[in-house]
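Given next are the chains, with one letter for each unit.
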Amino acid sequence: MSANSPAAVLVLAAGEGTRMKSKALPKVLHEVCGRSLLGHVVAAAEELTPQQLVVVIGHLKELVAEHLKSAHPAARAVVQEQQNGTGHAARVAVEALAADGVTLDGTVIVVYGDTPLLTAATLRSLAEQHHAQGNGATVLTANVPDPTGYGRILRAAAGSADEGSVFGIVEHRDATAEQRAVTEINSGVYAFEGKLLIDALARIGTDNSQGEEYLTDAVEILREAGHRVGAVVAEDYRDILGINDRVQLAEARRLLNDRLLERAMRAGVTVVDPASTWIDVQVGYEPDAVLLPGTQLHGATHLGEASRVGPNSTLTDTVVGAGATVSNTTAERAEIGPGATVGPYAYLRGGVVLGAKGKVGTFVEIKKSTIGAGAKVPHLSYMGDATIGEGANIGAASVTCNWDGVNKYPTVIGKHARVGSDTMLVAPVTIGDGAYTAAGSVIDGDVPPGALGVSRAKQRNVEGWVARRRSGTASAEAAAAALGEAAGQPEA
Ligand code: UD1
Ligand code: CA
């Protein structure tokens, strides 16, 4: 089998992850940059197009199985009922495959579900070197500044026949002081010859401080059986970080984010402050987009050419058109047209389509609405379930009264309509093309095209009220002065 398409990738993700102290969520479902820890590993594995992609699940298995089904339906979940160690987990996987008649002729890659920074390129290079060196097993290792907690790589002594090959792997808690001084660690990523792996797994014992079947023992078993075990040292140790607790979770998020931002910057995106800018793996962008500080881009958000987002904006599954500006805004599933402006201080909530050169201004909330090209909702308004025609203008503090407490109703505002400030649009209601509404109106009936809708009490002024009812106040004095001027000097 060619090194490019492994016979199988086995992802081990059944462990409880005690050090994460996570009650409701299994460790491997914790998220960094828009994907679960497990999802990152599975995504890297998928890129190798293995013939079999197996994920071993156990702790909170229903949640993990459900997650795989929705996010990675091609992966096959195999249950490890009791978490008796990484060797046991791998054995459960190969036994499940054997039960289905899968013989694993070729390379089998084993990875742990808690190494989200692992890339397909690293896996590919491991498989290639495994193949090229003709090894029975090859371990991906790394030299780390602090090896605490990791399994240490024991290399065959200099001058020995198999100098440089891997002699064994010893877990931190089982290691002597001398072994603990070794800084080359086991990443938990391995390439095995399938048949050899199956044999080795059947022979792993539990003679260690945890009484578990350690996959790492397969190395020694294969070496003793006369097979060469090689090592590939990762170029950057950070790529293989295993996440055991929430401190490492934050570290991994930071590293992955740095990697994603670097990729964006190399593609022509300006990131003013990488330290306060966060993006998910699926985020896309065009050259000359600018990200201002405090910006988070989630999901399938896409930035158009020369668009400008931030500061302090959180966009989820939002498409920003070319040249659009979005500032101090929260948007979910919005489509912002080219040249449009949003914010500062806007909230686009669930399914908003803003046309080219449209505007959603300050302290404005829009929900599930379509706003035509060049239409504007500049200040202090709420538009929900509305369709606003091109070139329309919605005056400050206007509101669609779209909910009667039970049902939601639509509002339709025509092209080039002018909704006066503080108009309450009681839905369902239609404002015709080119129609106006008078400021302060409560509009609960349709306004025909070109008409002015007015609905408000007639104003009445009670002359002299302040002088009579508020005499001696600053207001009364100001009024007297004004009236004096207007009426000329009072008689002496
Ligand atoms: C393991 C390695 C260690 C390596 C480190 C790299 C072993 C014995 N040790 O240690 O050499 O340096 O990873 O990060 O392999 N799992 C199961 N079933 C089980 C036990 C674990 O599926 O019964 C899964 C876990 O969900 C996890 C992975 O295997 O994703 C690794 O288990 P973990 O307990 O995190 O191993 P480490 O102590 O980190
Ligand atoms: Ca681990």
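Definitions and cut-offs
Residues numbered from 1 in each chain as written. Chains lettered and ligands numbered in written order. Predicted model: local features only at pLDDT ≥ 70, side-chain atom pairs only at ≥ 80, totals over all residues. Heavy atoms only, no water. Donors = N, O, S within 2.8 Å, 3.2 Å for Na, K, Ca; no water. Helix = DSSP H or I, 4+ residues; strand = E, 2+ residues; numbered from the N terminus. Buried < 20%, exposed > 50% of the residue type's maximum accessible area, 1.4 Å probe, protein only. Phe/Tyr/Trp six-rings, centres within 6.5 Å; stacked < 30°, edge-to-face > 60°. Lys NZ or Arg CZ within 6 Å of the ring centre and 35° of its normal. Pairing = 2+ DSSP bridges. Near = heavy atom within 4 Å. Polar contact = N/O pair within 3.5 Å; in protein donor to acceptor, adjacent residues only side chain to side chain. Areas by Shrake-Rupley, 256 points an atom, 1.4 Å probe, with all protein chains shown as cover. Nonpolar A, V, L, I, M, F, W, Y, C, P; charged D, E, K, R; others polar.

## Some points on the coordination of the calcium ion (ligand 2)
Logical step 1: The calcium ion (ligand 2) binds to the protein through D114 (OD) and N244 (OD1), with metal-donor distances spanning 2.4 to 2.5 Å. Separated by 130 residues along the polypeptide, D114 in the loop between β6 (107-112) and α4 (120-133) and N244 in the loop between β11 (229-233) and α8 (246-266) bring together distant segments of the chain.
Logical step 2: Looking at N244, the relative accessible area reads 17%, which means it is buried.

## A word on the packing of aromatic side chains
Here the distance between the centres and the angle between the planes together describe a pair of aromatic rings.
Logical step 1: For the structure shown, the criterion picks out 3 aromatic pairs.
Logical step 2: With centroids separated by 6.1 Å and ring planes inclined at 65°, the aromatic side chains of Y112 and Y190 adopt a geometry described as edge-to-face. Of the two residues, Y112 is situated in strand β6 and Y190 in strand β10 (residues 184-193); the sequence distance between them amounts to 78 residues. The residues Y112 and Y190 share a single accessibility class, namely buried.
Logical step 3: Ring-pair connections join several aromatic residues into one group, and the members of that group are Y112, Y190 and F192.
Logical step 4: Directly above the aromatic system of F167 lies the positively charged group of R223, at a separation of 3.7 Å from the ring centroid.

## Some remarks on the pairing of strand β1 (residues 8-13)
Logical step 1: Where burial is concerned, most of β1 is hidden: 6 out of the 6 residues are buried.
Logical step 2: Along β1, one buried face is formed by A8, L10 and L12 and the opposite face, lined by V9, V11 and A13, is buried too.
Logical step 3: By the bridge criterion, 5 bridges tie β1 to β6 in an arrangement that is parallel. Each residue of the ladder has a partner; that of V11, found in β6, is V111.
Logical step 4: Both β1 and strand β4 (residues 52-57) contribute to a ladder of 6 bridges, which runs parallel. Residue L10 lies in a different strand from β4, and its bridge partner there is V54.

## Observations regarding the site of ligand 1
Logical step 1: With respect to spatial proximity, 23 residues lie near ligand 1, and among them Q80, T86, Y112, E171 and N186 are the closest.
Logical step 2: G15 is positioned such that a nitrogen or oxygen atom in its backbone is 2.8 Å from an oxygen atom of ligand 1.
Logical step 3: In the environment of ligand 1, an oxygen atom lies 3.5 Å from a nitrogen or oxygen atom belonging to the side chain of N244.
Logical step 4: Summarising the interface, the protein chains cover 90% of the accessible area of ligand 1, which totals 760 Å² for the free molecule.
Logical step 5: For the shell around ligand 1, the secondary-structure elements that each account for two or more residues are β1, α3 (86-99) and β10.
Logical step 6: The residue makeup of the shell around ligand 1, split by class, is 7 nonpolar, 12 polar and 4 charged.

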